[in-house]
Structures are given as C-alpha cells and as structure tokens.
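Fold and contact review
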Amino acid sequence: MAKILLVDDAAFMRMMIKNSLTKGGFADSTFVEAQDGMEAVKKFDEENPDLVIMDITMPNMDGLQALKKIREAHPDAKVIMCTAMGQESMVVDAIKSGAKDFVVKPFNAERITSTVKTILGV
C-alpha cells in the first residue's frame, strides 16, 4: 500500500500514529521513522515515501525547517504536520511552506486516518 514516514522526537507518538493508521486501514503500509527534522530529510531522500506525518517541535531541526528542505528537493512531497494546541502561527507557516494539512495533538485516531486517506486519495 503506502509508504509513510513518521517524524516525531517522541517514540510513543510515532507508535500511536502507526497504531491508529494500522487499525484505520493501513495495515499493509510500510512505516519509516525519524526522530528529528535532520533525520527526516535524510530518510525522505533514501525512502521516497508517499506521505510524511511530521511534528513541528523537535530538536536539531524542527518540522518547519525539515518541511522546507523536503519540499525544496521534492516539490510534490505530501506532508501533514502535527502540532500542539497554541501553535497556530506555526501551522500557518507550515501551510504556506507546502504542508497539505495538519492535525492537532493530542489527535483523534479517526481524524488522522481520514486526513491520511484524503491526502493519499484512498
């Protein structure tokens, strides 16, 4: 099915997203993980995923910087940003930088699954 890159500095968040998507119809998908923006850019180049789900606030390189680098090299990249409540200005920056959508943490499993299905067109 799809190859999805999960980017979050918290391993439990990556696991929660993976579990939500697996239960929501993406059991046949391949999940690739990165724990910061620098690793995300590298993994995107190596893996060429169909979709990226990326946290905004991370060490080394934040999600906005990684989004810009990924979209620079891969203009068609599909990226969904994850954000905590109260980071609305960052969401606006992310959308302007090419993010396809965003989900707010703590997220609802149905919301993230439906967003992924919409972006991937499944």
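Residues numbered from 1 in each chain as written. Predicted model: local features only at pLDDT ≥ 70, side-chain atom pairs only at ≥ 80, totals over all residues. Heavy atoms only, no water.

Going by this rule: UniProt positions are given in the numbering used here, feature names are shortened, and annotations may be inferred rather than shown by experiment.
Under the annotation held in an unreviewed UniProt entry, the chain carries the name Stage 0 sporulation protein A homolog and is attributed to Oribacterium asaccharolyticum ACB7. Among the UniProt annotations of the chain, the heading Function (unreviewed entry) holds the following wording: "May play the central regulatory role in sporulation. It may be an element of the effector pathway responsible for the activation of sporulation genes in response to nutritional stress. Spo0A may act in concert with spo0H (a sigma factor) to control the expression of some genes that are critical to the sporulation process."

1. A few points about the environment of Ile4
Applicable threshold: Under the scheme used here, helices are H or I runs from DSSP no shorter than 4 residues and strands are E runs no shorter than 2 residues, and both carry numbers assigned from the N terminus. Per-residue accessibility, obtained with a 1.4 Å probe over protein chains only, is compared with the maximum for each type, and a residue is labelled buried under 20%, exposed over 50%, and partly exposed between these values. Contacts are assigned to residue pairs with any non-hydrogen atoms lying within 4.5 Å of each other.
Structurally, the position occupied by Ile4 is in strand β1 (residues 3-7). What makes Ile4 buried here is its relative accessible area of 0%. Note: C-alpha distance between Ile4 and Pro49 (45 residues apart in sequence) is 5.5 Å. Discounting residues that sit within four places of it in the chain, Ile4 has contacts with Leu21, Phe26, Thr30, Phe31, Val32, Leu51, Ile53 and Val116.

2. Remarks on the UniProt feature "modified residue: 4-aspartylphosphate" (unreviewed entry) in the chain
Mapped onto this numbering, the UniProt entry annotates "modified residue: 4-aspartylphosphate" (unreviewed entry) at Asp55. Looking at the secondary structure, you find Asp55 in strand β3 (residues 51-55). When near neighbours in sequence (up to four residues on either side) are disregarded, Asp55 contacts Val7, Asp8, Asp9, Gly63, Met81, Cys82 and Lys105.

3. What to know about the environment of Leu21
Relative to the helices and strands, Leu21 resides in helix α1 (residues 11-26). Between the C-alpha atoms of Leu21 and Ile112, which are 91 residues apart in sequence, the distance is 7.6 Å. Residues in contact with Leu21, not counting those within four places in the same chain, are Ile4, Phe26, Ala27, Phe31, Ile53, Ile112, Thr113 and Val116.

4. Here we look at the sheet that holds β3
Formally: Strand pairing is defined by DSSP finding a minimum of two bridges between the two strands. Every angle, taken between N-to-C directions, lies between 0 and 180 degrees, and every axis is a line fitted to C-alpha atoms, over only the stretch in contact when it is a helix.
Strands sit in the order β2-β1-β3-β4-β5 across an open sheet of five strands; the sheet is parallel. Sheet topology places β2 (30-34) and β5 (101-105) at the edges, where each strand pairs with a single neighbour. Strand-to-strand twist in this sheet, taken as the mean axis angle between neighbours without regard to direction, amounts to 20°. Where helix α2 (residues 37-47) meets the sheet, its contacts fall on β1, β2 and β3, and the angle it forms with β2 comes to roughly 145°.

5. Details of the pattern of salt bridges
Rules: Salt-bridge detection follows one rule: a side-chain nitrogen of Lys or Arg within 4 Å of a carboxyl oxygen of Asp or Glu.
One pass over the structure, following the stated rule, counts eight salt bridges. A salt bridge links Glu47 to Lys3; the shortest N-O distance between them is 3.1 Å. Taken together, the residues Glu47 in helix α2 and Lys3 in strand β1 connect sequence positions 44 residues apart. By relative accessible area, Glu47 is classed as partly exposed at 29%. The salt bridge partner of Lys105 is Asp55, with a shortest N-O separation of 3.2 Å. Highlighted residues: Lys105 in strand β5 and Asp55 in strand β3, separated in sequence by 50 residues. Relative accessible area serves as the criterion here: at 5%, Asp55 is assigned to the buried category.

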